Amino acid sequence: MIFQLSAALLDACVLAILSREDAYGYILTQHVKELVNISESTLYPVLRRLQKDDCLMTYDKEFQGRNRRYYALTDLGKAKLNYYLEEWNLYKSKLDNILLGGNING
């Protein structure tokens, strides 16, 4: 894809994925890769920032004798996702008007 994913949009994507189910880093990376080429090393700072901002919590779960760190939304994370969705709908509407024709003022 030629369009770049901003930090806020990447945060929104991570929060949206986690709103469906808790996930560990590798699975999150695979879902985000459906949109943009991203490595786990790029995603982990995003997860740490969201966790630091109290949007995510973590817990460990054993899998084949090893612990996996899972990420889950907090109430603040759910609120942040709702904010991002509202902003996205406004942005998308304005962009559609410009790209697809229509009134560029609204």
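Definitions and cut-offs
- Residues numbered from 1 in each chain as written.
- Predicted model: local features only at pLDDT ≥ 70, side-chain atom pairs only at ≥ 80, totals over all residues.
- Heavy atoms only, no water.
- Core = buried A, V, L, I, M, F, W, Y, C linked by side-chain atoms within 4.5 Å.
- Buried < 20%, exposed > 50% of the residue type's maximum accessible area, 1.4 Å probe, protein only.
- Helix = DSSP H or I, 4+ residues; strand = E, 2+ residues; numbered from the N terminus.
- Axes fitted to C-alpha atoms, helices over the stretch in contact; angles between N-to-C directions.
- Parallel < 35°, antiparallel > 145°, perpendicular 65-115°, else oblique.
- Left-handed = near helix turned anticlockwise from the far one by under 90°.
- Contact = heavy atoms within 4.5 Å.
- Nonpolar A, V, L, I, M, F, W, Y, C, P; charged D, E, K, R; others polar.
- Phe/Tyr/Trp six-rings, centres within 6.5 Å; stacked < 30°, edge-to-face > 60°.
- Lys NZ or Arg CZ within 6 Å of the ring centre and 35° of its normal.
- Expected span 1.5 Å × (residues − 1).
- Arc of directions from axis to C-beta.
- Pairing = 2+ DSSP bridges.

With that settled, the discussion passes to the nonpolar core. Judged by nonpolar contacts, the single largest core of 21 residues is most densely connected at Val14, Leu15, Leu18, Leu28 and Leu56. For this core, the secondary structure elements donating two or more residues are helix H1 (7–20), helix H2 (25–33), helix H3 (40–52), strand S3 (66–73) and helix H4 (75–100).

Time to look at the packing of H1 against H2. Running from amino to carboxyl end, H1 crosses H2 at an angle of 120°, the nearest separation of the two axes being 10 Å. Comparing the axis directions of H1 and H2 gives the class oblique. When the axes of H1 and H2 are compared, the crossing they make is right-handed. Facing H1, whose interface residues are Leu10, Val14, Ile17 and Leu18, H2 presents Leu28, His31 and Val32. Split by residue class, the contact of H1 with H2 holds six nonpolar, one polar and no charged.

Tallied over the full model, the rule gives four aromatic pairs. Ring geometry for Trp88 versus Tyr91: centroids 5.9 Å apart, planes at 40°, classification tilted. Remark: Tyr91 and Trp88 occur in helix H4; sequence separation between them is three residues, near one turn of the helix. On the accessibility criterion, Trp88 (36% relative accessible area) is partly exposed. One aromatic cluster is present, built from ring pairs that chain together Tyr24, Tyr59 and Tyr70. Between Lys61 and the ring centre of Tyr70, over which it is positioned, the NZ or CZ distance is 5.6 Å. Just above the ring of Phe63 sits the side chain of Arg68; from NZ or CZ to the centre is 3.6 Å.

Taking 1.5 Å per residue, 13 residues should reach 18 Å; H3 reaches 18 Å between its end C-alpha atoms and fits that length. Buried within H3 we find Leu43, Val46, Leu47 and Leu50. The buried residues of H3 occupy an angular sector of 100° when the element is viewed end-on, so they sit on one face. Residues of H3 that are exposed and point over 90 degrees away from its buried face: Ser41, Arg48 and Lys52. In this structure, the buried residues of H3 make contact with H1, H2, strand S2 (56–63) and S3.

Here strand S1 (residues 23–24) pairs with S3 via two bridges, running antiparallel. What sits directly across from Ala23, in S3, is Tyr71. Bridging between S2 and S3 involves eight bridges; their strand directions are antiparallel. By the bridge assignment for S3, Asp60 is matched with Arg69. Where S2 hands over to S3, the hairpin turn is made up of two residues, of which Gln64 adopts a positive phi near 50°.

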